[in-house]
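# Report on the structure
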Amino acid sequence: MVKIKVVNKGHQPLPAYATAQSAGLDLRANLDESIVLHPMERRLVPTGLHIALPEGYEAQVRPRSGLALKHGITVLNTPGTVDADYRGEVMVLLVNFSQDDFVINDGERVAQLIIARYEQAFMEQVEVLDDTERGEGGYGHTGVK
């Protein structure tokens, strides 16, 4: 288990896992007043949280499946990445893909936060790449069955 330092400048509890085997921590809206998200509108939703991730880790902001299925609400830049050196407020970029207004209330679970290890890569320029069975086949190259 990795330790994440958190400064909570909001009034919501710290993110928590809903079940013992949940992958994502629930992020809650930290609002002074409700937000009405109109159809096709996008808004940054504050959480009040500032985090310090260890080097080699990122936090991914992902949609909640229930909001997506029931209301057409999702994280627009999914997954949004919080870098290990970022110290600003963790915000959630929500979009309303439904045809109805959606009200975001204070304390509502609006997204989930996944903590993941990553590695940085060194890009080495070469003249040719090694051959593979797939080659340049992309987008549907394996057929429908």
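In what follows, the accompanying structure is described. Here the structure is a predicted model, which is why all the values come from computation and not from measurement.

### Regarding the pairing of strand β4 (residues 42-52)
Pairing analysis gives four bridges linking strand β1 (residues 5-8) to β4, with the strands arranged antiparallel. Paired with K5 across the strands is A52, a residue of β4. In terms of strand pairing, β4 meets strand β8 (residues 89-96) through six bridges, oriented antiparallel. Bridged to R43 within β8 is L94.

### So, the pairing of β8
Strand direction decides the pairing type here: strand β6 (residues 73-75) and β8, joined by three bridges, are antiparallel. Within β8, the position partnered with V75 by the bridge is L94.

### Quick notes on unusual backbone geometry
Cis geometry is adopted by the peptide bond preceding P79, which originates at T78 and carries an omega value of -15°. With respect to the helices and strands, the residue P79 is situated in the loop between β6 and β7 (80-82). The backbone of M40 sits at a positive phi, close to 65°, despite the residue not being glycine. Along the chain, M40 turns up in the loop between β3 (35-37) and β4.

### Overview of the nonpolar core
Judged by nonpolar contacts, the single largest core of 26 residues is most densely connected at L27, V45, V61, V92, L94 and I104. Put simply, the parts of the chain that give this core at least two residues each are β2 (25-28), β3, β4, β5 (57-62), β6, β8, β9 (102-104) and β10 (109-117). In this structure, V61 is in contact with L27, V75, T78, P79, G80, V82, V90, V92, A111, Q112 and L113, ignoring residues within four places of it in sequence.

### Section: the sheet that holds β2
As summarised here, the arrangement of the four strands in space is β2-β10-β5-β7, forming an open sheet in which the pairing is antiparallel. Because the sheet does not close on itself, it has two edges, and the strands there are β2 and β7. Going from strand to strand, the sheet's axes swing by 35° on average, the running direction of each strand aside. The sheet contact formed by β2 and β10 spans four bridges and is antiparallel. Residue pairing across strands places R28 opposite R109, the latter belonging to β10.

### Thoughts on the sheet that holds β8
Taken in spatial order, the four strands make up an open sheet running β1-β4-β8-β6, and their pairing is antiparallel. Edge positions in the sheet fall to β1 and β6, since each of these pairs with one other strand and no more. The mean inter-strand angle of the sheet, taken between neighbouring strand axes irrespective of direction, is 40°.

Analysis parameters
Residues numbered from 1 in each chain as written. Predicted model: local features only at pLDDT ≥ 70, side-chain atom pairs only at ≥ 80, totals over all residues. Heavy atoms only, no water. Pairing = 2+ DSSP bridges. Helix = DSSP H or I, 4+ residues; strand = E, 2+ residues; numbered from the N terminus. Core = buried A, V, L, I, M, F, W, Y, C linked by side-chain atoms within 4.5 Å. Buried < 20%, exposed > 50% of the residue type's maximum accessible area, 1.4 Å probe, protein only. Contact = heavy atoms within 4.5 Å. Axes fitted to C-alpha atoms, helices over the stretch in contact; angles between N-to-C directions.

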